[in-house]
Every structure is written in structure tokens, then in C-alpha cells.
Amino acid sequence: MSVDGPARHRLTADQVLELAQGGGGVASVAVLRSAQRSRRLVLLRALVETVDGRPPHGTGLPPAQRAWELLGRAESADRDAVEAVLLHPSVGSWLTRALRALRAEDGSTPGSTALRDAGHVHALAAAAALKAGITFRAVVQLVDEGLLLPSVGCAPLPDRPAATVEVYRDRRGAGVRCASGTVPLPDDLTRDGPGWWALRRLRSTPELPSCAPLLEDLDPWRHYLRRLPVERLDETEAAVWQSRYEAAWELVRGQRRIDPAGVADCLLAITPLPDRSPAELFSGSAPESYGGALMSRPARPVDMAAALVHEAQHTKLSALLDLVTLLRGGLEEVHYAPWRPDPRPLRGILHGVYAFLGVATFWQARREGPDIGDAERAEADFEFALRRSQVEEGLRVLWAEGTLTDLGEHCLRGIERSLTVLLKEPVPAAAALAVEEARDDHRMVYRLSQLRLDEAELTAWVDAYDDRRPPPLRAPDAHPQAGPVAAEIRTRLVRVRLGDPERFARLRDDPLTGAGASRTDYAWAAGERETALAGYRRQVGRHPEDPTAWSGLALSLPEGQAREALLHRPELVAAVHRELRRRGTPQTPEAVAEWTAEPAARSEGDD
């Protein structure tokens, strides 16, 4: 194994344009994938040198250089086998975190967690050697209750005879030697056997383009934010994932607006997560875990299909940003993103714009499908209109706030061209109204939870109210000050109501699985606005700090000054209302909202 000279990874002008416009076919993704392989090798070499540069650490493992040499032997026999191990998403997560932890330590702590985690390099090499089919012997440390071989599988060893075991392959086969005896490994490591859990694959239909990511439920580093236990999915749950995935991939493969082959080449492994909300699927990915996606179990194939496109977009952009610079600086988390509850840095805005451009394209293709029902089409109209509007708003932030390189400007213009095509597509009035309310809801909840007013200026407003004077002409300054994030409850419910009315009714009737929503939220999503208005008034009265209650109140109010004030400066209305309560002079939310709207009304009258 050698990293003697820098590899050259070049995208053609056509490939850059293709990626910039939100696409990315097999050839473009192949360049990104090759660059990720080189990146992993560089990081792996850095880890080997860091570990072997430390004093003896008493882990019972040989020098990390041995693992590097074994990888070299495996690569000489089967380069593709080694690449499959190196590019396994969990390997990227482990490698990045292990290096950070090693460099954060002073190197003098024997048996430290960082050194134990770095020792996983021997398991990596053994996995590559097994896949390549070479004869070898390697000392590997155990993880949790057994031997974990990244991208391959796990041999549970419940007796845990020692901290390390020997993995081998000789002319008779492969196995694991430990103090209590030898455990043979099956000839076919892709299938379960006695004492062996193979990593399963999610299989798509055989027609091209096919896609078969691993279902990663074993590797402790499968989550990019925290270490997880080795937890084997039971056969029933794995079958559910297979069924949903096969149907989801049919939706991705069957549309014409994005290249499914490019999407397939970006999806290497999916990590199942516990359900976070019965009303919405969660998915996530990270730059260091190229090709990996975390995902809660999808309720429907269409949700999973959109998530697959979303995470493939993130994967492409992350890999592209490892090769080129599009933005300079902009690391401060102070910018509003219409798809997130918290402030984001400009790089995060760029990622969201790129990912949701792909998602909007997917939903547009879904709208064009000839065989979808009325509810499915209504959902697709809403999702398409919502995602393209979010991309449009995110682009405005990037143009206004970002310091772009020449290539960055080129890429944004490519995104803009693709978005322009989508913006020309008409949507039904009902979908347009639902999107407008979803955007208003998101912006209000964000302002209520993430902005704080200048205290002295706020006091002047409250004093004016107490003295029955008109409000000051100038609104208090609002500053980003991250607070607890609030979920997009109402938009989630609208999404379910449009796409699956029967499921919406079931969720509404069962408070134990109600997606964290109140009866008032369900009433609003069902269009029962008078009932919702009364409910949100009660919620604000009981919980004046709740941003979702304030936003729901605004959305339920009829047109007028109170509604306009809450739509545009909800944090001011809520802050004045709370302070009046604290002073013992409580007022109704509508009364405070109408009063705060007076400066705007006077200004309009002066015109």
C-alpha cells in the first residue's frame, strides 16, 4: 500500500456543469469516489504513523504498520475488494474521529480510549484481506461482544475470552482463534452462518440501474455523531427495510429528471435508526462518511425515495467540496435556513440548497407520473412547491452573504438555471397556499426561538404600552441567540394529510402515536381554523414561551393587523406580551399584536 505521490482527480468542464446543475452521472461520481479513496488512504496513513509514534500502549496489538502492510498485500490481490472496505461509510466515520481523538491527547496515557479505537485499523486490514481472498494472520481487538470486521460482518463471541483474537485464512479456510478455541468463518461471508452475522444488502430489482447498499446495523461507528452498540436487526425488521427499499428504488429508478445511476453510486450503506416521529422520516449524512445515510424506518416507499435522493445530493456535494473551494469563510452559524429550526453557516445553506434542488426535481418527476392517485398528486404538488421555494430562498442568502470563488459563482449559476426551470412549473392554488403557510410557520417559529431582542429597547416598548402611548416607531434590534429548537409539527401533519388521509386520521385518533402534536395542531392541519384559534389562545395563555403556539395562533387568525404583526415580528409581540404578564398587566395576544402593528399602519397612512 502506497501513498507516495498525490493522486490527480480531475472533473471535466462538462462534469462540473452537470454537478453544478444538481445532477451527477456515473462518470462524474466515479471521479468523486476515486478522490474519496485517496482521502481515506491519506488519513489512514496519518493514523498509522500517529499510533506507531506513541510509546508502547499495552493493547496487545502489533504496530499499526502491520495493518498497513496487510492492506497492501490485499490490494495487490484485489484492488476492488480493498476499495470496498476503505470506502465503507463507517470506516470514514471511525477514521476521522479516531484521528481527532489521538491528536487531542498528549500520547502519554496507556490504554486510552483513543488508542483502543485506533486499534480498529487491524480489523480494517483483516476485513480487506478476507475480501481479497489472501492467506494471512492478523491480531484484532474485540468490539463489544465479538469480532467486528468493517463492511463484512460480525462474529459474536459472548464468552469474550480476551481483548484480542487472531483472524486468519489458510488453505483450509478462514476463522477466528481465541483462548477458548477456533471459530470457523463461512466460505461465503455475505451470508449468515453458525457464529457469523453477515452485513445484509438492500436489494433492488435486477433491471438497471440497480442499487444495493448495505444495511449497516453492526458497526459501532455507523453513526457519524456517536458510537452505537452492535445491535443485529431481527429478520422481520430487516424484511420490512428490504420491502420498503425495493419499492423506494423503483420510484427513483422510474423517473426521468435525475440520473438514478448517479444516485445509486452515491449510496453505499444505510444505517437504520429508531423512529423519531411517526409523521416524518428522518435521514442524515456527514462528509466524513461518504456514501452513508442514517435513516429512521420509512412509513412509505415514497418517503424513502425522496430521502435517498436527498442524501445522494449531500454525498456528491461533500465529495466535490473536498476537491474544490466554492465558498470562503462564512463559518458563523447565524443565517436563516428555511428548512432548519436553527441558524446555519453558509456552507450548511449551500448543502441545503443543493440537496433540496434534487428533492424538488424528484417531486416534479413524481407529479408527472401517469399512475398516481389524487392524494399522491396533491402531496407531490406540495412537496415540489415547498422544496423549490426553499432552494430559492437559500440561494438569495448565498448570493447576498457568501464570499464566492469564481467556481462557486459558476456552480450557483448552474443551480439557478435548474431552479428557474422548476419555478416555471405551475402548481394548484391549494398547494401554493399550503406552502405559503408552511413557510410563514417555519419563519415565525425560527424568529420566536432563535432571536432575542435588545432588552433596553424592549423595555421602552413595554413602558409605552403600560402608559397607553403609541409604540415607538423603531422596532427593537433582534440578535441571533440560539435557543431550544422547535419541530415543524404543522407542516408534518399537512404532509401526512395530503399524502395519506387515512394515516392522518389514525394519528389524530391515537394520542400515543400523535407525532408529538396536540389536538389543536390536528385541527389546524385539518382546516378547522376556528377550533385551532381557540386552542392556540389557550396554549399561549398556559405556555407563553412556546414558539409553536404563537405561530399557530398567527396562522389561525383572520386577515388583519394582528396577524400581520405576528407574521413579520412574532418575537416582538411575544416578548411584549410576556413582559406585561410579568408586570401584572396581562393583555390578550391579539391586543398586543394590533398595538405593535401601529407604527407600520401609521407609516402606510403617511404614504
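Residues numbered from 1 in each chain as written. Predicted model: local features only at pLDDT ≥ 70, side-chain atom pairs only at ≥ 80, totals over all residues. Heavy atoms only, no water.

**Some points on the sheet that holds strand β3 (residues 153-156)**
For step 1, the next point in the chain: Strand order in the open sheet formed by 3 strands is β2-β3-β7, with antiparallel pairing between adjacent strands. The sheet terminates laterally at β2 (146-149) and β7 (197-198), the two strands that pair on one side only.
For step 2, the next point in the chain: Here β2 runs beside β3; their pairing, made up of 4 bridges, is antiparallel. Following the sheet pairing, Gly146 is matched in β3 by Pro156. (Pairing = 2+ DSSP bridges. Helix = DSSP H or I, 4+ residues; strand = E, 2+ residues; numbered from the N terminus.)

**Side note on the pattern of salt bridges**
For step 1, the next point in the chain: Summed over all chains, the structure comprises 46 salt bridges.
For step 2, the next point in the chain: Put simply, Asp117 and Arg227 hold a salt bridge, and the shortest N to O gap is 2.8 Å. Highlighted residues: Asp117 in helix α6 (residues 113-118) and Arg227 in the loop between β9 (214-215) and α8 (235-254), separated in sequence by 110 residues.
For step 3, the next point in the chain: Overall, Asp117 belongs to the buried group, its relative accessible area being 17%.
For step 4, the next point in the chain: With relative accessibility at 36%, the residue Arg227 sits in the partly exposed group.
For step 5, the next point in the chain: When the shortest N-O distance is used, the salt bridge between Arg469 and Asp467 registers 3.3 Å.
For step 6, the next point in the chain: When salt bridges with common partners are traced through the structure, they connect Arg33, Arg37, Glu75, Arg79 and Glu83 into a single cluster. (Salt bridge = Lys/Arg side-chain N within 4 Å of Asp/Glu carboxyl O. Buried < 20%, exposed > 50% of the residue type's maximum accessible area, 1.4 Å probe, protein only.)

**Observations regarding the packing of helix α1 (residues 13-20) against helix α13 (residues 406-423)**
For step 1, the next point in the chain: In the contact formed by α1 and α13, the axes pass within 8 Å of each other and the chain directions differ by 55 degrees. Taken together, α1 and α13 sit at an angle that is classed as oblique. For the pair formed by α1 and α13, the contact residues are Val16, Leu17 and Ala20 on the first element and Leu407, His410, Cys411, Gly414, Ile415 and Arg417 on the second.
For step 2, the next point in the chain: Classifying every residue of the contact of α1 with α13 by side-chain character gives 6 nonpolar, 2 polar and 1 charged. (Axes fitted to C-alpha atoms, helices over the stretch in contact; angles between N-to-C directions. Parallel < 35°, antiparallel > 145°, perpendicular 65-115°, else oblique. Contact = heavy atoms within 4.5 Å. Nonpolar A, V, L, I, M, F, W, Y, C, P; charged D, E, K, R; others polar.)

**Topic: the pairing of strand β6 (residues 181-184)**
For step 1, the next point in the chain: Relative to β6, strand β5 (residues 173-178) is paired through 4 bridges, and the arrangement is antiparallel. Along β6, the bridge assignment pairs Cys178 with Gly181.
For step 2, the next point in the chain: Linking β5 to β6, which pair antiparallel, is a turn of 2 residues.

**Comments concerning the side chain of Asp217**
For step 1, the next point in the chain: Here Asp217 lies in the loop between β9 and α8.
For step 2, the next point in the chain: When its relative accessible area of 3% is taken as the criterion, Asp217 is described as buried.
For step 3, the next point in the chain: For Asp217, the residues in contact, after removing those within four places along its chain, are Leu199, Arg200, Arg222, Val230, Glu231, Arg232 and Leu233.

**Re the state of the cysteines**
For step 1, the next point in the chain: Overall, the coordinates contain 0 disulfides when judged by the stated rule.
For step 2, the next point in the chain: The structure places no disulfide on Cys211, whose sulfur is separated from the nearest cysteine sulfur, that of Cys266, by 9.4 Å.
For step 3, the next point in the chain: Judged by its relative accessible area of 3%, Cys211 falls in the buried class. (Disulfide = S-S within 2.5 Å.)

**Considering the nonpolar core**
For step 1, the next point in the chain: Of all hydrophobic cores here, the largest spans 66 residues; its most connected members are Trp249 and Leu308.
For step 2, the next point in the chain: For this core, the element with the most residues is helix α10 (residues 301-321), which contributes 12 residues.
For step 3, the next point in the chain: In this structure, Trp249 is in contact with Ser204, Pro209, Ser210, Cys211, Pro260, Val263, Ala264, Leu267 and Leu308, ignoring residues within four places of it in sequence.
For step 4, the next point in the chain: Core analysis: the next-biggest nonpolar cluster, separate from the first, contains 55 residues, Val82, Ala123, Ala132 and Leu142 among them. (Core = buried A, V, L, I, M, F, W, Y, C linked by side-chain atoms within 4.5 Å.)

**A word on the sheet that holds strand β4 (residues 164-170)**
For step 1, the next point in the chain: Taking strand neighbours across the sheet as the criterion, the 4 strands line up as β1-β4-β5-β6 in an open arrangement whose pairing is antiparallel. The open sheet is flanked by β1 (136-141) and β6, the only strands paired with a single partner. With direction set aside, neighbouring strand axes in the sheet form an average angle of 25 degrees.
For step 2, the next point in the chain: The sheet contacts of helix α7 (residues 121-132) involve β1, β4 and β5, and relative to β1 the element is tilted by about 145 degrees.

**Notes on the environment of Asp188**
For step 1, the next point in the chain: Mapped onto the fold, Asp188 is located in the loop between β6 and β7.
For step 2, the next point in the chain: Within polar-contact distance, the side chain of Asp188 engages the side chain of Thr190 at 2.5 Å. (Polar contact = N/O pair within 3.5 Å; in protein donor to acceptor, adjacent residues only side chain to side chain.)

**Description of the confidence of the model for the protein**
For step 1, the next point in the chain: Averaged over every residue, the pLDDT of the protein is 91; residues scoring 70 or more account for 94%.
For step 2, the next point in the chain: Considering only residues more than four positions removed or in separate chains, one finds that residues 601-607, a stretch of pLDDT under 50, has 4 contacts. (pLDDT = per-residue confidence, 0-100.)

**Notes on the packing of aromatic side chains**
The description of two aromatic rings rests on the distance between their centres and on the angle between their planes.
For step 1, the next point in the chain: A full pass over the atoms with the stated rule returns 6 aromatic pairs.
For step 2, the next point in the chain: Where Trp461 meets Trp595, the ring centres are 5.6 Å apart and the plane angle is 90 degrees; that geometry is what we call edge-to-face. Here Trp461 is found in helix α15 (residues 455-466), whereas its partner Trp595 is found in helix α23 (residues 589-596), with 134 residues between them in sequence. Judged on exposure class, the residue Trp461 and its partner Trp595 are both buried.
For step 3, the next point in the chain: Sitting above the plane of the Trp221 ring, Arg227 keeps its charged end 4.6 Å from the centroid. (Phe/Tyr/Trp six-rings, centres within 6.5 Å; stacked < 30°, edge-to-face > 60°. Lys NZ or Arg CZ within 6 Å of the ring centre and 35° of its normal.)

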